[in-house]
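Summary of the model geometry
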Amino acid sequence: MDEAVGIRLWRKLTASALALTVGLLLSCGAAQAEEPTEERVVLNADRVSYNDETGEASAQGNAVLRYQGTTIRAERIDYDAQTQKVEAMPLPGEQIVMTHSSGRALKGDHLDYDLLTREGVLTGARTSLAAGEGTLFVYGGEIDVIPWDTAVERGLVHGQKGKPEDYAVQWHNVTLTTCALDHPHYRLVSKSIIFIPGQRVIAKRPRVYLGHTFLFTSPLDYVTSFERRAVRYSLMPYFQRSNSRGAGAGINGTLGWDTGSLSLGLAWADKIGMEWMLEVEQQLGKEFTIKAGVDYTWDEAWDETQYRPFASLIWRRDGWKAALNWKKDEYIEDQKSTFYDYKGRLDRRPELIVQTPWYKTSPWSWLTLWASWGNYREEIHNWGMTSANRYGLEAHSYFEKALGTDAEFFSDTTGGVWFYDHDSDDQETMRSLTGLRYRLGIVELGTAYERRYIWGESPMFWDRYEKREKIHQKVRLPVARVGGRRPFDKIYAAVRGSYDIEQSMVDEVIYSLQWVTDCMMWDLHYRNDRTSGSDDRIGLSLSILAFPGTTTSLGQRLESDPFERPRDLPKSSK
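Residues numbered from 1 in each chain as written. Predicted model: local features only at pLDDT ≥ 70, side-chain atom pairs only at ≥ 80, totals over all residues. Heavy atoms only, no water.

1. Let's talk about the overall build of the chain
When helices and strands are tallied, the chain shows two helices and 38 strands. With 574 residues in all, the chain has 46% of them scored as buried. A sequence separation of at least 24 residues applies to 47% of the contacts in the chain between residues at least 6 apart. Of the accessible surface of the chain, which amounts to about 28,400 Å², a share of 55% is contributed by carbon and sulfur atoms. (Helix = DSSP H or I, 4+ residues; strand = E, 2+ residues; numbered from the N terminus. Buried < 20%, exposed > 50% of the residue type's maximum accessible area, 1.4 Å probe, protein only. Contact = heavy atoms within 4.5 Å. Areas by Shrake-Rupley, 256 points an atom, 1.4 Å probe, with all protein chains shown as cover.)

Right, here's the structure in full:
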């Protein structure tokens, strides 16, 4: 046998014997402390030493400690069997990894951990979490790791005890961002961040930076929900000018806790004055959520600002969703056709909606179903009121398939049937949008054909539709490259519009100048509205690309892009 091979084999056998000996000694120490044998500490490394007089063990070189579903990996781990204290240290430039049996992982530069109380302090903590369409990076400061039941007892989180296997963590002086660069385009810095595993991250009143430039300290919190893959509301202000509202600005934000949130919004425009909103959301157990609040917003038809209270009870389970909604004086604007701009108020008294999960019907298509029942009262300015009960079923199908490397075919189809308590009133609708997303060199394009069919009609106007036939076109191309780091920031010029085939006219054109980074997009846009509404708008908005479905700010109107995928389509399906 080769001498070098023999030496390597002897080292492996020696390390294995030492690991086995240490495991036995630690389990004996645990037995003396009347700990169950299945809760023994297992310590492995390239080199392991144990002092049976002091009960201290030291593991060096790829050290791994396992105990009650928690795994600690570091270059060096020191363990005291008498006090059950652990200290872990990495090599310079590397990090400790602490993993829970659920798969959650934390990284840091130094760890002090108590195996008995399951509490510890991780210095230089760092982790990455799947969030929305991207990744949430959290790093810096110290992190306190606390068992869930202990955190409830101390009032650090609000909830019920009975989850001994879970834990909560509280971070101090931490930075978070969805930008993967070493010097991120934007970041939020908070003195305290609460992480509820598997549920949400709450950054308390963060300081907002663009690059190295400090913008402002938010009076509200930054709340990220993992289950819904969204930010509750955007912290960033926006600016917009429209024919109807005039010039104005607004901001929305959230005060969060582990089981709920308080969302606030404020907007002002020179033609209509101040608008605001308030919404409370509270979880009731694992499956139920209640939302309630009030909007104080302006409507154009009456030219007045109105209080609009609302409440919802929501149930979610395994992709299923049911909602019982109530709302008074909801203001609805809808461009029914090129020459019919609907404006009215609606009471939902109440409304019940049930939605199935998205089912994969083929390798390239998905399907979801909606069922709805409600009692509604509609009011139209200078027209009067109409009330009706309505129930029905709607199906939403989506299909997409790549055609080579530079083209993708898609089809988005929705069809439904609705029945009313008025004699012989019913309505069937079907809308299909079929098109291509493709690329010619550096130019991104989209072309789609939209057709809507209507049979029957509703006794109300808010859900009464007209036939539609349109062609949509989109063009975007890079016009400049910004910065000297990769990936490069780019500035794009984009234009999107639609052509009404029945009226033989272009009814809408949207021009945009976009600054796109790896994590966010600034969009300076102008909408030329050629319909009967004639509500031209110009605005500046910021989108965090990880959260494309984030609720827009109060008073801000952004046009939907017909070339986007359905926002509630499961992430794994996109």
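2. A look at the nonpolar core
Core analysis: the biggest nonpolar cluster contains 53 residues, and L65, I72, I77 and L176 have the highest contact counts within it. Not counting residues within four places of it along the chain, the set of residues in contact with L65 comprises V41, V42, L43, T70, T71, I72, I77, Y79, V86 and L115. Counting eleven residues, the second largest nonpolar core, distinct from the first, contains L346, Y420, F461 and W462. (Core = buried A, V, L, I, M, F, W, Y, C linked by side-chain atoms within 4.5 Å.)

3. Considering the pattern of salt bridges
Counted according to the given criterion, the structure contains 32 salt bridges. The residue D295 makes a salt bridge to K327 at a minimum N-O spacing of 3.7 Å. Placement of the pair is D295 in strand β24 (residues 288-299) and K327 in strand β26 (residues 320-337), with a sequence separation of 32 residues. Take D295 and K327: they sit in the same class, and that class is buried. A salt bridge links R537 to D535; its shortest N-O distance comes to 3.0 Å. The residues R537 and D535 share a single accessibility class, namely buried. Among the charged side chains, a salt-bridge network with shared partners connects D299, E304, R308 and R345. (Salt bridge = Lys/Arg side-chain N within 4 Å of Asp/Glu carboxyl O.)

4. A closer look at the pairing of strand β20 (residues 238-242)
By the alternation rule, side chains of β20 split into Y238, Q240 and S242, which are all buried, and F239 and R241, of which none is buried. Note that β20 and strand β21 (residues 246-257) share five bridges and pair antiparallel. Note on β21: the bridge partner recorded for Y238 is G250. Between the antiparallel neighbours β20 and β21 lie three residues. Note: β20 against strand β38 (residues 537-544), four bridges, orientation antiparallel. Residue pairing in the sheet places Q240 in a bridge with G539 of β38. (Pairing = 2+ DSSP bridges.)

5. A short note on unusual backbone geometry
With omega at -5 degrees, the peptide bond leading from R349 into P350 counts as cis. Structurally, P350 is set in strand β27 (residues 340-355). One non-glycine residue, R118, lies in the positive phi region at around 60 degrees. For R118, the position within the fold is in the loop between β8 (110-114) and β9 (119-123). Not every positive phi belongs to a glycine, and D318 is a case in point at roughly 50 degrees. What makes D318 exposed here is its relative accessible area of 68%.

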